[in-house]
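# Results of the structural survey
Here is what each chain is made of, one letter per residue.
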Amino acid sequence: MLNNSSTKNPITIVGAGKPSSARTEEETYQGVTRDTTVGAMYRIAGKLYFRSLLSFKLVAEFKPLKSIELGTCLGISGAYHASAQMLNESGSLTTLEGAQSLASLAEKTFHNLAQITPV
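Let us look at the structure shown here.

Reading the values: rules and limits
- Residues numbered from 1 in each chain as written.
- Predicted model: local features only at pLDDT ≥ 70, side-chain atom pairs only at ≥ 80, totals over all residues.
- Heavy atoms only, no water.
- Axes fitted to C-alpha atoms, helices over the stretch in contact; angles between N-to-C directions.
- Helix = DSSP H or I, 4+ residues; strand = E, 2+ residues; numbered from the N terminus.
- Parallel < 35°, antiparallel > 145°, perpendicular 65-115°, else oblique.
- Left-handed = near helix turned anticlockwise from the far one by under 90°.
- Contact = heavy atoms within 4.5 Å.
- Nonpolar A, V, L, I, M, F, W, Y, C, P; charged D, E, K, R; others polar.
- Core = buried A, V, L, I, M, F, W, Y, C linked by side-chain atoms within 4.5 Å.
- Buried < 20%, exposed > 50% of the residue type's maximum accessible area, 1.4 Å probe, protein only.

Okay, the packing of helix H3 (residues 49-62) against helix H4 (residues 76-88) next. Contact geometry of H3 with H4 gives a least axis separation of 8 Å together with a crossing angle of 20 degrees. Regarding the angle of H3 to H4, the classification is roughly parallel. Crossing of H3 against H4: the hand is right-handed. Residues Tyr49, Ser52, Leu53, Ser55, Phe56, Val59 and Ala60 of H3 pack against Ile76, Ser77, Tyr80, His81, Ser83, Ala84, Gln85, Leu87 and Asn88 of H4. Counted by class, the contact of H3 with H4 contains 9 nonpolar, 7 polar and no charged residues.

Written out as structure tokens, the structure is:
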């Protein structure tokens with residue numbers, strides 16, 4: 001579903017970026033806006049399946065009480081993490097995303113996850 005989404009989602013990226021970006025100091029602090037779609041973001045984030053599954057297994061095994069994620073993106077890896085915590089019936093996840101448009105999409109992902117009743 002997300003993979004095929006053509007919903008436009010402009011994001012503002014702050015920081016230096018790749019060395020080839022050659023951003024000015026102002027661009028580094030103010031950010032650079034890039035037009036993209038939800039589908040394009042998913043195709044990037046979706047490639048992290050192995051890492052998301054690894055995160056799930058680590059959380060399920062070690063049962064951390066508190067976790068933090070920097071760079072939420074669409075909330076996919078955070079959803080794996082939170083799912084393991086739901087199965088463990090313990091722990092909390094704090095996840096941070098600097099791009100407001102992505103944070104809004106991640107919030108929907110987590111809201112949908114909250115609707116799942118563990119069996």
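A general tendency of soluble globular proteins is for nonpolar side chains to be buried together. Counting residues in hydrophobic clusters, the biggest one holds 10 residues: Ile11, Val38, Met41, Ala45, Cys73, Leu74, Ile76, Ala99, Leu102 and Leu105. Listing elements by their share of this core, those giving two or more residues are helix H2 (38-45) and helix H5 (100-114). For this core, the element with the most residues is H2, which contributes 3 residues. Excluding anything up to four places from it in sequence, Ile76 contacts Tyr42, Ala45 and Ser52.

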